[in-house]
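# Fold and contact review
Next come the chains, spelled out residue by residue.
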Amino acid sequence: ATGTITPGIDKAQVFAGVRKLSDATTYAMVAEFSANAGSNTGTFALMAPYTTSTYGLASKGTVFTDVGTAGVYPAPIANVLTGLGDISGDRATLRVNGIQAAQTTGDQGTGNYLAYPLYIGARGGTTLFFSGHLYSLITRFGPNLDAPTIASTETYVAGKTGIVI
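Attention in this report is confined to the structure presented alongside it. Residue indices begin from 1 for each chain and proceed along its sequence in written order. The predicted origin of the model limits local features to residues at a pLDDT of at least 70 and limits the giving and counting of side-chain atom pairs to 80 or more, whereas totals for whole chains, interfaces and linings rest on all residues. In computing side-chain properties, one takes all heavy atoms of the structure into account and sets aside hydrogens as well as water.

## Section: the sheet that holds strand β1 (residues 11–20)
For two strands to be treated as a pair, DSSP must find at least two bridges joining them. The helix count covers DSSP runs of H or I at least four residues long, the strand count covers runs of E at least two residues long, and both are numbered beginning at the N terminus. Strand order in the open sheet formed by five strands is β8-β7-β6-β1-β10, with antiparallel pairing between adjacent strands. Looking at which strands have only one partner, the edges of the open sheet turn out to be β8 (99–104) and β10 (132–141). The average undirected angle you get between the axes of adjacent strands in this sheet is 15°. A contact between two residues is defined here by any heavy atoms of the two lying within 4.5 Å. Each axis is a line fitted through C-alpha atoms, and for a helix only the stretch in contact is used; angles between axes span 0 to 180 degrees, taken between their N-to-C directions. Along the sheet face, helix α1 (residues 147–161) touches β1, β6 (77–86), β7 (91–96) and β10 and points at about 150° away from the line of β6.

## Some details on the pairing of strand β2 (residues 29–33)
We call a residue buried when its accessible area falls under 20% of the maximum for its residue type, exposed when it is over 50%, and partly exposed in between, using a 1.4 Å probe and counting protein chains only. Counting buried positions over the five residues of β2 gives five, a clear majority of the element. Here four bridges tie β2 to strand β3 (residues 43–47), and the two strands are oriented antiparallel to one another. Note on β3: the bridge partner recorded for M29 is M47. Pairing between β2 and strand β9 (residues 118–120): three bridges, direction antiparallel. By the bridge assignment for β9, A31 is matched with I120.

## Thoughts on the side chain of K60
You can see K60 is positioned in strand β4 (residues 56–60). In this structure K60 is buried but unpaired, with E32 as the nearest side chain of opposite charge at 10.0 Å. Any N or O atom pair separated by 3.5 Å or less is treated as a polar contact, with the protein-specific requirement of one donor-capable and one acceptor-capable atom, and with residues adjacent in sequence counted only for side-chain atom pairs. A polar contact is formed between the side chain of K60 and the backbone oxygen of S39, at a distance of 3.2 Å. Setting aside residues no more than four positions away along its own chain, K60 makes contact with A37, G38, S39, N40, T41, G42, T43, I87 and Q108. A positive count includes Lys and Arg, and a negative count includes Asp and Glu. His and the chain ends are not counted in either. Salt bridges are counted wherever a side-chain nitrogen of Lys or Arg sits within 4 Å of a carboxyl oxygen of Asp or Glu.

## With respect to the environment of V67
Mapped onto the secondary structure, V67 falls in strand β5 (residues 64–68). Judged by relative accessible area, V67 falls into the buried class, the value being 11%. Along the primary structure V67 and L57 are separated by ten residues, whereas in three dimensions their C-alpha atoms are 5.5 Å apart. When residues no more than four places from it in sequence are discounted, the contact partners of V67 are Y50, Y55, G56, L57, A92, A102, Q103 and T104.

## Some words on the nonpolar core
For our purposes a nonpolar core is just a set of buried Ala, Val, Leu, Ile, Met, Phe, Trp, Tyr and Cys residues, chained together by side-chain atoms within 4.5 Å. F44, L46 and Y55 are the most contacted members of the largest nonpolar core, which totals 25 residues. For this core, the leading source of residues is β1, giving four residues.

## As for α1
Here the expected length of a helix is defined as 1.5 Å per residue gap, with one fewer gap than residues. In this model α1 runs 21 Å from its N-terminal to its C-terminal C-alpha over 15 residues, within 8% of the 21 Å that 1.5 Å per residue would give. Looking only at α1, the buried set comprises I150, T153, E154, V157, A158 and T161. The arc that holds every buried residue of α1, seen down its axis, measures 145°, which confines them to one face. Structural note: α1 exposes P148 and G159 on the side pointing more than 90 degrees away from its buried face. For α1, the secondary structure elements touched by its buried residues are β1, β6, β7 and β10. Along the arc lie the directions from the helix axis toward the C-beta atoms.

## Concerning the layout of surface pockets
Site definitions follow a grid-based scheme: protein atoms alone, a 1 Å grid, a 1.4 Å probe that fits but cannot get out for cavities, and for pockets an open set with protein on both sides within 12 Å along at least five of seven lines, plus lining residues having an atom within 4 Å of a point. Grid points are joined across faces, edges and corners, and a volume is the space filled by probe spheres set on the points. Within this model, the largest pocket holds a volume of roughly 150 Å³. Mapped by element, the contributors of at least two residues to the lining of the largest pocket are β1, β6 and β7. Counting residues per element, the lining of the largest pocket draws most heavily on β6, which supplies three residues. Following the grouping adopted for this structure description, the nonpolar residues are Ala, Val, Leu, Ile, Met, Phe, Trp, Tyr, Cys and Pro, the charged ones are Asp, Glu, Lys and Arg, and the polar ones are all others, Gly among them. For the lining of the largest pocket, a count of residues per class yields four nonpolar, four polar and two charged.

Printed below as a string of structure tokens:
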């Protein structure tokens, strides 16, 4: 876990290079901003797996929304995951290897991402453990990134992960 991060903005981007080793657990956390994205306001979670052989992203202002990939990515597998959360824009986008794999425009309510630690590899450091390797993790709070910046960051993370996208 990191120390407390206080973003004060309603947009977040998270990039992760992962090698998922198991699909046995549902909702395994790669990174979760707060001890529980389902319960706390102003938070997000990147999951591997989300359901069997999929990836997922959750984002929440005052209302929770989540989305999982339609395609399957059975373990063991290495991928670059990009989660783009926008509370006021009611958009949570999940990209896999540089391609949009899922998106929801479900209502996220209002507010900003709040002051929490970022938990890496487990919910609150105690449950929903990620089974795999984390090669790179970049979390950013700020205005939405443009497409070339997202692509460049994904290429950088892919290089750390040992895959080509």
